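Each chain, written out:
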Amino acid sequence: VRERVLVCEGAMGSMLARKGVRVRNTAEANLTHPAVVGEVHREYQEAGAEVFQTNTFSANLPMLERAGLAERAAELQAEAVRILRQAVGEEGYVGLNLGPTGELLAPLGELSVDQAIGVYRQQIGAMLPLGVDFILGETFEALEEAEAAVRAAKELAPDLPLAITLSFSLSNGRTSMGVSGRMAAERLIGLGVDIIGANCGSPEGLLRAFGEMAAVAGDRVLLAQPNAGVPVLRGEETVFDGTPGWSGETAARLIELGARIVGGCCGTTPDHIRQIARAARASA
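Figured I'd write up the structure that's included with this text. (Residues numbered from 1 in each chain as written. Predicted model: local features only at pLDDT ≥ 70, side-chain atom pairs only at ≥ 80, totals over all residues. Heavy atoms only, no water.)

## Points about the nonpolar core
Okay, so step 1: Core analysis: the largest hydrophobic core is formed by 70 residues, its most contacted members being Leu16, Tyr44, Ile135, Ile164, Leu166 and Ile196.
Okay, so step 2: A per-element tally of this core places helix H7 (residues 143-156) first, with seven residues.
Okay, so step 3: Not counting residues up to four positions away in its chain, the partners in contact with Ile164 are Gly137, Phe140, Ala146, Val150, Leu188, Val193, Ile195, Ile196 and Gly197.
Okay, so step 4: The next biggest cluster of nonpolar side chains, apart from the first, holds 10 residues, and it includes Cys8, Ile195, Val221 and Leu223. (Core = buried A, V, L, I, M, F, W, Y, C linked by side-chain atoms within 4.5 Å. Buried < 20%, exposed > 50% of the residue type's maximum accessible area, 1.4 Å probe, protein only. Helix = DSSP H or I, 4+ residues; strand = E, 2+ residues; numbered from the N terminus. Contact = heavy atoms within 4.5 Å.)

Structure below.
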């Protein structure tokens, strides 16, 4: 991976919305609109993406329960792998995507660490047999929840590369739970995570935290997937103010800081990924 910069795909939820897909949970589209999910993956591939993630960011049991979809969990989780592999073929790297549960872990909330590990164990267990290239847990704000995902992944798939990224939503480079880039990097490295980094959050916070992570990353591969700028309300619609050109410039800055895998998060489109891919090629 360190020889050249790899390009990740961009946002799924906002792309599905642009294509007129309305679902209770983004992962429900794996069952209701599988062709559209596959089309989004392919459009990103055509824009230059080589690294992909299953449409399962919100497909853990607590998130699915809130949408009334828990009984179909294993079905829509497995379908996400099939759709992605069929869409991008063997040349694309397929990542099993894990996201936060949306709940606070004890003692701040009701979910125990063991329950959180069980949540991720269920999701990984349903998807692993279909053949993935790596596991990506992203948008974590609490290190305890990220660690639960790591423990489940290490238990079920000890030989698969594991990537974990946090969301630094505050402009001072910390997550909403107060975790800094340095704290995150040191904990994740201590847990044996192969690829570490940042995604989502605020662009300013991500850049600051990513710089801190890079300073202590050592031989770990660094991954960054920023949003397309900042969300703004236009009428009743939330849009992101970052142009494709802005995303390309931001990717170039992240590559200078040490990123070896770059992509996009909320609000990004194939046009944004095209510019990110251009920045990656220019760095070679």
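## Some thoughts on the pattern of salt bridges
Any two side chains of opposite charge can pair, so long as their charged atoms come close to each other.
Okay, so step 1: Tallied over the entire structure, the rule returns 13 salt bridges.
Okay, so step 2: A salt bridge links Arg85 to Asp133; the shortest N-O distance between them is 3.2 Å. Of the two residues, Arg85 sits in helix H5 (residues 73-88) while Asp133 sits in the loop between helix H6 (113-127) and strand E4 (134-140), which places them 48 residues apart along the sequence.
Okay, so step 3: Its relative accessible area of 18% is what places Arg85 among the buried residues.
Okay, so step 4: Taking relative accessible area as the criterion, Asp133 reaches 28% and is therefore assigned partly exposed.
Okay, so step 5: A single network of salt bridges, built from pairs that share partners, joins Lys19, Glu39 and Glu43. (Salt bridge = Lys/Arg side-chain N within 4 Å of Asp/Glu carboxyl O.)

## So, the state of the cysteines
Okay, so step 1: Applying the stated criterion across every chain yields a total of zero disulfides.
Okay, so step 2: Cys265 provides the cysteine sulfur closest to Cys8, a residue in no disulfide bond, and the two sulfurs are 10 Å apart. (Disulfide = S-S within 2.5 Å.)

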